[in-house]
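Next come the chains, spelled out residue by residue.
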Amino acid sequence: MSKHRKQPTDRILYFDCFSGLSGDMTLGAFIDLGLEPEKLWEGLQQLKLSGYTAHCHKVAKHHLSGTKVSFQITESQPHRTYQDIVGLIAKAALSQEVKELSLRMFQLLAQAEAQVHQQPLTQVHFHEIGAVDSILDLVGTAFAYHALGITQVYASALPCGQGLVRCAHGLLPNPAPATVLLLEGAPMYGVDIQAELVTPTGAAILKGLNANFQPLPPIVLEKVGYGAGDRDLATQPNLLRLMQGRLAAAAASSERVLVLETHLDDMIPEWYEHLMATLFQLGALDVAYTPLQMKKNRPGVGLTVIAPLETRQVMLETLFDESTTLGVRVSEIERVTVKRWLETIDTPYGPLRVKVADIGGRRRLLPEYEACRELARQHHLPLLEVYRLIPM
């Protein structure tokens, strides 16, 4: 019937952003992980982008070694619009996966810039040096991500410096407005450092890679790499640490999570869908509604939200802003989950994505509803028939 892999192939990459991140720091960390510089330069040459040279070398930041990547502009560069850059990437002799990831990250960056400056996306342009650096950083990251076989990305909370940052448009608040837009929903914290720690390019990388913001998950660590930034910070090493590994072999893992609970008896029914969608968008792990019979015999709804610890403030603010509650009960509990991942199996109607759970060494295949519904729609099948294709 169907053939599927017997072992998970997830290769995890964890962004430990204790001093933030930028595009060049990311590339430096990838090379420090073991990506051959010549292989990266060869990939970037497929862009047919001229007028620059690429270099990498080891540097020390507070006695901790990392790899510094730099691009030197050797020829005058034109102002490039978003559409110019899309065309440049689309025509490059790179794999389709690398081009798609590069375009996704650049689209996110351009959309943020368009919103900040109130411009249509097609009119967003990148200044000479910034455009070349951004193109090389984002395409280089996409190339490295696929060259190393990464399948899942996690990231720590992000530090935000103080003061103002200078850019092509003048002085702007730190973090830059585009960075803040790109990091909506990400855990952030302020530090007493007068420097830009997370750049718009760095933010676009994390968002484009669909990074899960949480503490380091259980992995078998394989490699560690450090990428260096330009500045020397007085209080700490200006480095990005990347940790590469595979999911730990344990069948279950434990983590501390928040449980937020409240009872609602005066909320318009149409609001419940919006509230649930907003909570999930902000990082909730689960949201559930339970029918209740409340005081004075009024029907009500119990709301339970399970969320990462670092999202406490944003979850509370959302519950007070988007619901009629006046009080929320908050507790911290242990959450135990079995190891699971996504695989694609073969069916008579084509490939189908399923979830695989490892329960005590036993594999259990679980339907992914959206994937099953799409296959049923494409082949005019009853949804039940598609579910029966999956060996339970």
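Residues numbered from 1 in each chain as written. Predicted model: local features only at pLDDT ≥ 70, side-chain atom pairs only at ≥ 80, totals over all residues. Heavy atoms only, no water.

Draft legend 1. Main features of the environment of Pro177. With respect to the element layout, Pro177 can be found in helix H6 (residues 177–182). Exposure remark for Pro177: the relative accessible area of 25% places this residue in the partly exposed category. Counting along the chain gives 64 residues from Pro177 to Glu113, while the straight-line C-alpha distance between them is 8.3 Å. Once residues within four sequence positions are removed from consideration, Pro177 is found in contact with Val116 and Leu172. (Helix = DSSP H or I, 4+ residues; strand = E, 2+ residues; numbered from the N terminus. Buried < 20%, exposed > 50% of the residue type's maximum accessible area, 1.4 Å probe, protein only. Contact = heavy atoms within 4.5 Å.)

Draft legend 2. Representation of the packing of aromatic side chains. All chains considered together, the criterion is met by 3 aromatic pairs. Pairing Trp41 with Phe71 gives two aromatic rings, centres 6.3 Å apart and planes at 75 degrees, and the pair type is edge-to-face. Separated by 30 residues along the polypeptide, Trp41 in helix H2 (residues 37–45) and Phe71 in strand E3 (residues 64–73) bring together distant segments of the chain. Take Phe71: its relative accessible area is 13%, and that puts it in the buried class. Between Tyr52 and Phe71, the aromatic rings sit 6.1 Å apart at their centres with planes inclined by 75 degrees, giving edge-to-face as the arrangement. Of this pair, Tyr52 sits in strand E2 (residues 52–61) while Phe71 sits in strand E3, and the two are 19 residues apart along the sequence. (Phe/Tyr/Trp six-rings, centres within 6.5 Å; stacked < 30°, edge-to-face > 60°.)

Draft legend 3. Quick peek at the pattern of salt bridges. Scanning the model with the defined rule gives 14 salt bridges in all. The partner of Glu222 in a salt bridge is Arg246, with the nearest N and O atoms 3.2 Å apart. Separated by 24 residues along the polypeptide, Glu222 in strand E12 (residues 219–228) and Arg246 in strand E13 (residues 239–247) bring together distant segments of the chain. For Glu222, a relative accessible area of 38% puts it in the partly exposed group. Of the charged contacts in the structure, one is a salt bridge between Arg256 and Glu332, with a shortest N-O distance of 3.3 Å. Placement of the pair is Arg256 in strand E14 (residues 252–264) and Glu332 in strand E17 (residues 329–347), with a sequence separation of 76 residues. Here the salt bridges do not stand alone but share partners, grouping Asp24, Lys68 and Asp230 into one network. (Salt bridge = Lys/Arg side-chain N within 4 Å of Asp/Glu carboxyl O.)

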